[in-house]
Amino acid sequence: MSIIIGFPRIGEHRELKKALEGFWSGKSNAEELERTAKELRAKHWSYQKNLDYVSVNDFSFYDNVLDLAYALGAIPERFRQYNGLELYFGMARGLNDSVACEMTKWFNTNYHYVVPELSQTDNYKINTSKIEREYAEAKSLGYRPKINLIGLFTFISLSKIAEKSNFENVFERVKSAYFELLDSLKKIDSNLVIQFDEPIFSKGKDERFYGKIKDIYNQIASKGFKTIVTTYFEHSLEATEILCQTNIDGIGLDFLYGEKNLSSLNQIAKSDKTLYAGIIDGRNIWVADLEKKLSILEKIAQEIPKEKIILSTSCSLLHVPFSKNSEIKMDKEILSWLSYAREKIGELELLETAFKGSLNAEDKQKWQENISINANRKTSTKINDKSTQERLKQPIKTQRDVAFKERIKLQHQSLNYPILPTTTIGSFPQTPELRALRLSFKKGEIDEKTYEKGIESYIKDCVAFQEEIGLDVLVHGEPERNDMVEYFGEQLKGFVFSQNGWVQSYGSRCVKPPIIFGDVSRPKPMTLKWITYAQSLTSKILKGMLTGPVTILNWSFVRDDIPRSAVCKQISLGISDEINDLQNAGIKIIQVDEAAFKEGYPLRKENIKTYEEWALDCFKVSTSIANPTTQIHTHMCYSEFNDIIKTIEDLDADVISIETARSGNELLKVFANVGYSHEVGPGVYDIHSPRIPSKEEIKKQIKLLLEVLPKEQLWINPDCGLKTRKWEEVKPSLKNLVEAVKEIRE
Ligand code: GLN
Ligand code: ZN
């Protein structure tokens, strides 16, 4: 028997995206949106027909956490005047004067959920119509549904609780509403099956609620439906122990990203619960090694009777693309190594048949194919690059030649920048013309020469503008880049790009992560041409712009046959080569963006140290090649450094720019508190909004920063890259920034 935790909802050809965007723009109405949704659900269930259940309520118009907040009636006050879809999308995207709820990453994936806002003055009113409708649809199509529901503990833990509210009080209120919702669902079917998703249990003990798990799941289990509690992304030993003492029917565990779950088997066996064994990877795209999976299952079966084991995906398939059927252009050998959501269901079924010992002739052939694909993947020359492997065996430099204290003096002498130097984070507005230029080049509609002329002209304008307003350190503006990871991935060996490998990031937004399938190396310079061209246009210092190895890794699908740290190290060497070429060509400042450094942090505290060690090491492998006089910058797109400040310091970047505009100087204080000695560029205005900050406002912000760090240590820049803004916004904003600094300097 087997299940999946959930299926991607965006559609094989991103139908849901198109339907949503049509609806938002007023081009289509709610009925049309509903019709598309219904068709998608029916199609997606049809692939699940051989599983024990089809997943209901994994569908969403925007996000499942938002769905639950909406179903519970947990509506922030500013939206209470609205209802229906207007209210629902209002919470997700903002409506009139009411700003949208925040969005943040779903555990350590690249999916974002809408953060519920809870307060002890809320009055909840439940609404189960969405779940009921989808359940009825699945039933009417003849399927056996299970309802996917975010668990109470995960829901509350991920919510923002109003400052003046008391956790206990809020918990009790939400719990009552949640129970009411369950009671209401119970009425729709006497044989209801509910899968409670509790990935929060994978983060380990949380004192605020650990004492409540037993009681609450006992109460839920007594409501009279089949209760499955599932955890994923890590092991959940602590919670499993408690859950084994409850009356729930089944426990779902991730045996791929939480191998330690194997040590819970004994308890589960004793408790006589059904185990939903997460064994097919829900968040990566490689063909399963079925022999290996089978041996894990056999190991599990030594403790738990086979009839109590149900095979499952490790987590929802939401995190992988739809089907590799649409990958028409990809190299056939590489394609044979991949498995997307639909293919994973096939793997699950085949594995189950093997586990039961009932492979027929056709199955056996498929099994053999799987064995040979996996064997080929191990030995293929596409994956194994001798020169990269050799290079990694040689000693690799991980320290700059001269310590910061000394080299910063040399840099000041050579670069000679003023106090409170001004700069930007790298990108300038990506205009429709620019996008069109790149696209027509990609499609072969224009020749290389025309394309390069276009890019050069953008760079020229960009440099001229920066000179004109008097910025101190200039950038080329990144016009040649579609995306900060894709641009590098396309030029590094070992990467491949899918045609249709879309994965939902949030709402209607999807991303197509690069796929790292083999040993990585940099065949030739990636940025040298544009950056040196930009430098040739000005006598001011031009800052070269690269994406860091950890960010490239964290935003890609990464091969699973060697450790992530090893893949990252290979990327670092490529970036290090690029830095060397840039400095040899006369580029004096180089920024290595690590926008996703923090995203890669493990869920469990005990694993953090290891991650920090290798991530740090990789950044330093990239940057230690820099001469003492080459100034290394880095940039990170957030500001909460409390937990990681020590590691940030150890990166040993000469300058770090961070996002702080929205928090005044609060978040910068941690740098001062630890005696951070390197230079810092805390963003002085928020680039996420079209608003143009006034000179006065920026001056005020700079003064706040000066209360925290000495002027010798500060750089002045916006919060992040400017690519999503318009020139009409960027020009006056940066002018004001430069003016503000001038006045402060005086
Ligand atoms: N250099 C990049 C840019 O300006 C950095 C983007 C980011 O931090 N996400 O666009
Ligand atoms: Zn940023």
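A. A look at the sheet that holds strand β13 (residues 473-474). Overall, parallel pairing links the 6 strands, which are arranged β13-β18-β20-β21-β22-β23 in an open sheet. Unpaired on one side and paired on the other, β13 and β23 (679-682) mark the two borders of the sheet.

B. Focus on the pattern of salt bridges. If you walk through the whole model with that rule in mind, you get 55 salt bridges. Lys308 serves as the salt-bridge partner of Asp272, at 3.8 Å between the closest nitrogen and oxygen. Placement of Asp272 in the loop between α10 (265-271) and β11 (274-280) and of Lys308 in the loop between α11 (290-301) and β12 (309-313) is noted, with a sequence separation of 36 residues between them. You can call Lys308 partly exposed: its relative accessible area is 22%. The structure contains a network of salt bridges with shared partners spanning Glu34, Arg41, Asp67, Lys130, Arg133, Glu134 and Glu137.

C. Expanded view of the layout of surface pockets. Taken as a whole, the second largest pocket spans an internal volume of roughly 760 Å³. Looking at the second largest pocket, it is lined by 22 residues, and the ones nearest its centre are Phe441, Tyr451, Glu480, Tyr487 and Glu490. Among the elements that make up the lining of the second largest pocket, the one with the highest residue count is helix α17 (residues 432-442) (5 residues). Residue classes in the lining of the second largest pocket are distributed as 8 nonpolar, 3 polar and 11 charged.

D. Spatial organisation of the pairing of β12. Most of β12 sits inside the fold, with 5 of its 5 residues counted as buried. Burial along β12 is two-sided: the face carrying Ile309, Leu311 and Thr313 and the face carrying Ile310 and Ser312 are both buried. Where strand β1 (residues 2-3) and β12 come together, 2 bridges link them in parallel fashion. Counted as the bridge partner of Ile3 is Ser312 from β12. Relative to β12, β11 is paired through 5 bridges, and the arrangement is parallel. The partner of Gly278 across the bridge, within β12, is Ser312.

E. Region of interest: unusual backbone geometry. Non-glycine residue Asn57 carries a positive phi angle of around 75°. In this fold, Asn57 is placed in the loop between β2 (54-56) and α3 (64-72). Phi at Asn416 takes a positive value of approximately 55°, unusual for a residue other than glycine. Residue position: Asn416 is located in the loop between α16 (404-415) and α17.

F. Representation of the site of ligand 1 in the model. Around ligand 1 sit Ile425, Gly426, Ser427, Glu478, Met484, Met545, Asp593, Ala595, His635, Cys637, Cys720 and Gly721, and those are all the residues in its vicinity. For ligand 1, a nitrogen atom lies 2.8 Å from a polar atom in the side chain of Glu478. Separating a nitrogen atom of ligand 1 from a side-chain N or O atom of Asp593 is a distance of 2.6 Å. If ligand 1 stood free it would expose 290 Å²; the protein chains cover 92% of that surface.

G. Region of the structure containing the nonpolar core. Membership of the largest hydrophobic core comes to 134 residues, with the highest contact counts inside it found for Trp106, Phe155, Tyr178, Leu182, Phe196, Phe201 and Tyr217. In terms of residue count, helix α7 (residues 167-186) provides more of this core than any other element does, 10 residues in total. In terms of nonpolar packing, the next biggest core, distinct from the first, is built from 90 residues, Tyr458, Val567, Cys618 and Trp727 among them.

H. How the structure looks around the sheet that holds strand β6 (residues 145-150). Taking strand neighbours across the sheet as the criterion, the 8 strands line up as β1-β12-β11-β10-β9-β8-β6-β2 in an open arrangement whose pairing is parallel. Lying at the two open borders of the sheet, with one neighbouring strand each, are β1 and β2. Contacting β1, β11 and β12, helix α13 (residues 341-356) runs over the sheet at an angle of about 160° to β12.

I. Region of interest: empty space enclosed by the protein. For the structure on display, the rule yields 6 cavities of 30 Å³ or more. What the largest cavity holds in volume is close to 60 Å³. Considering every element that reaches the lining of the largest cavity, the biggest residue donor is helix α2 (residues 30-46), with 3 residues. Among the residues making up the lining of the largest cavity, the classes are represented as 4 nonpolar, 3 polar and 3 charged.

J. Structural detail: the side chain of Gln48. Among the structural elements, Gln48 can be located in the loop between α2 and β2. Polar contacts involving the side chain of Gln48 include one to the main-chain amide nitrogen of Ser55, which spans 2.9 Å.

K. Looking closely at the state of the cysteines. Inspection of every chain in the model, using the stated rule, returns 0 disulfides. With no disulfide partner, Cys315 has as its closest neighbouring cysteine sulfur the one in Cys510, 17 Å distant.

L. Just the packing of α11 against α13, in detail. Relative to each other, α11 and α13 sit at 50°, their axes nearing to 10 Å. Comparing the axis directions of α11 and α13 gives the class oblique. The hand of the α11/α13 crossing is right-handed. Contact residues: Leu290, Lys293, Leu294, Leu297, Glu298 and Ala301 in α11; Glu347, Leu350, Leu351, Ala354 and Phe355 in α13. The class makeup of the residues in the contact of α11 with α13 is 8 nonpolar, no polar and 3 charged.

What counts, and at which threshold
- Counting from 1, residues in each chain are numbered in the order their sequence is written.
- Chains carry letters from A onward and ligands carry numbers from 1 onward, assigned in written order.
- Two thresholds apply to this predicted model, a pLDDT of at least 70 for residue-level local features and 80 or more for giving and counting side-chain atom pairs, whereas whole-chain, interface and lining totals are computed over all residues.
- The side-chain values count all of the structure's non-hydrogen atoms but skip hydrogen atoms and water molecules.
- In this description, strands pair whenever DSSP reports at least two bridges between them.
- Only DSSP runs of H or I covering at least 4 residues are called helices, and only runs of E covering at least 2 are called strands; the numbering of each starts at the N terminus.
- Criterion for a salt bridge: a side-chain nitrogen of Lys or Arg within 4 Å of a carboxyl oxygen of Asp or Glu.
- Partly exposed residues are those whose accessible area sits between 20% and 50% of the maximum for their type, while under 20% is buried and over 50% is exposed, using a 1.4 Å probe and protein chains only.
- The method works on a 1 Å grid over the protein atoms by themselves. A cavity is a set of points holding a 1.4 Å probe that cannot get out, a pocket is an open set with protein on both sides within 12 Å along at least five of seven lines, and residues with an atom within 4 Å of a point line them.
- Grid points are joined across faces, edges and corners, and a volume is the space filled by probe spheres set on the points.
- The residue classification treats Ala, Val, Leu, Ile, Met, Phe, Trp, Tyr, Cys and Pro as nonpolar and Asp, Glu, Lys and Arg as charged. All others, Gly included, are polar.
- Whether a residue is near a molecule or strand depends on its heavy atoms: if one lies within 4 Å, it is near.
- Whenever a nitrogen or oxygen atom comes within 3.5 Å of another N or O atom, the pair is scored as a polar contact, on the condition that within protein one atom can donate a hydrogen and the other can accept it, and that pairs from neighbouring residues in sequence are kept only if both atoms are in side chains.
- Per-residue and other accessible areas follow the Shrake-Rupley method at a 1.4 Å probe size, with only the shown protein chains counted as cover for residues.
- The term nonpolar core refers to a set of buried residues drawn from Ala, Val, Leu, Ile, Met, Phe, Trp, Tyr and Cys, joined through side-chain atoms within 4.5 Å.
- Two residues qualify as a contact provided that any one of their heavy atoms is within 4.5 Å of a heavy atom in the partner residue.
- Note on geometry: axes are C-alpha line fits, over the in-contact stretch for helices, and angles between N-to-C directions span 0 to 180 degrees.
- Criterion for a disulfide: a pair of cysteine sulfur atoms at a distance within 2.5 Å.
- Every angle not falling under 35 degrees, over 145, or within 65 to 115 is termed oblique; those three ranges are roughly parallel, roughly antiparallel and roughly perpendicular.
- Crossing handedness is defined as follows: a turn of the near helix away from the far one that is anticlockwise and smaller than a right angle gives a left-handed crossing, while the clockwise case is right-handed.

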